[in-house]
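Fold and contact review
The lines below spell out each chain.
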Amino acid sequence: MRMKRVAAVAMAAALSFGMAACGGDSDGEAGGSGAKGIIGKAQNQKKLVIGVKADQPGLGLQTGSTYEGFDVEIAKIIAKGLGVEAGSIEWKTTVSNNREPFIQQGTVDLVVATYTINDERKQKISFAGPYFIAGQDLLVKADSTIAGPEGLDGKTVCSVTGSTPAKRIQTEHPKAKLQQFDSYSKCLPLLQNGQVDAVTTDDIILAGYAAQEQYAGKFKVVGKPFSSEPYGIGLKKDDKDGCEKVNEILKAAASDGSYKAAWDSTLGKSGKAAPELDTTKLTNCGSV
Ligand code: GLU
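A brief report on the enclosed structure follows.

What counts as what
- Residues numbered from 1 in each chain as written.
- Predicted model: local features only at pLDDT ≥ 70, side-chain atom pairs only at ≥ 80, totals over all residues.
- Heavy atoms only, no water.
- Pairing = 2+ DSSP bridges.
- Helix = DSSP H or I, 4+ residues; strand = E, 2+ residues; numbered from the N terminus.
- Axes fitted to C-alpha atoms, helices over the stretch in contact; angles between N-to-C directions.
- Near = heavy atom within 4 Å.
- Polar contact = N/O pair within 3.5 Å; in protein donor to acceptor, adjacent residues only side chain to side chain.
- 1 Å grid on protein atoms, 1.4 Å probe; cavity = no way out; pocket = protein on both sides within 12 Å on 5 of 7 lines; lining within 4 Å.
- Sits in = over half its atoms within 2 Å of the grid points.
- Nonpolar A, V, L, I, M, F, W, Y, C, P; charged D, E, K, R; others polar.

1. Some details on the sheet that holds strand β9 (residues 156-160)
One open sheet holds the five strands; their spatial order is β10-β9-β11-β8-β12, and the pairing between them is mixed. Two strands bound the open sheet, and with one partner strand each, they are β10 (177-181) and β12 (219-221). Between one strand and the next, the sheet's axes are offset by a mean angle of 30°, whatever the strand orientation. Pairing of strand β8 (residues 136-141) with strand β11 (residues 198-202), which is carried by four bridges, proceeds in the antiparallel orientation. In the strand pairing of β11, L138 is matched with T200.

2. Notes on the site of the ligand
The ligand sits among 17 residues. The nearest are K53, S96, T116, Y184 and D202. Between the ligand and the protein, one listed contact pairs an oxygen atom with a side-chain N or O atom of T114 at 2.7 Å. The separation between an oxygen atom of the ligand and a polar side-chain atom of R121 is 2.9 Å. Of the pockets mapped on this structure, the ligand occupies the largest cavity. Sorting the residues of the shell around the ligand by element identifies α6 (164-172), β11 and β13 (229-236) as the ones contributing at least two each. In the shell around the ligand, the residues fall into six nonpolar, six polar and five charged.

Here's what the structure looks like:
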């Protein structure tokens, strides 16, 4: 009787091991190499699902089924470094508020979406990078007298749920009336028709909107950033090897010219020179 039970347990274990070993599951476990996380997924399945923004010109902008922008180019560099060609990336639109859950639930393998590295988010996910440093700023009408966040008291400001700029308004400028949507592009018509007095998020995002043809001459970015927003690449919290690999890929991109090329073909088109990717500041991927 006892023997039978032991045998049954052993058989069940063997079966479930067998299933895992056949692998190719979304966590990238098992399969040929035995590597886990994004490295395993890239090696075994030769594809990756990457979350990007869809309505941020110059950074992540979707037209039909095509995504373009600096974040999209950075994502392609990372995928290539992991052995996945651009054509094998499945792009997934993310908004600010679903980035951590998308990573935690495995809806995406990586997020490259104007994603500020901070301690609160690091409780849930891991960050490689930063690959760019933005700063929170304000977009206002061209004739507005608002000159900084102090000028927001009693004014209506539009931002996005789950973003660091919205949170900073709530905690540091509580006299501003905050309206939140799921994406920044929804704020623009409201700024245009005067329903909100300002839009707040990272300067680089706001500059992209201000430069859009339909808003030419109508808006201005105040130009006095009041935070530091280091952009990271989000991945599963326990995927330390994957995180370190992404940082290695960024290091290579800084020295082989591909980082600069990613900038020049997207945000750099405005004439702004490529920033330095400071590889001494890359995250430690959760090491203590
Ligand atoms: N970088 C900020 C953040 O991650 C604002 C931009 C965004 O919402 O994507 O919250």
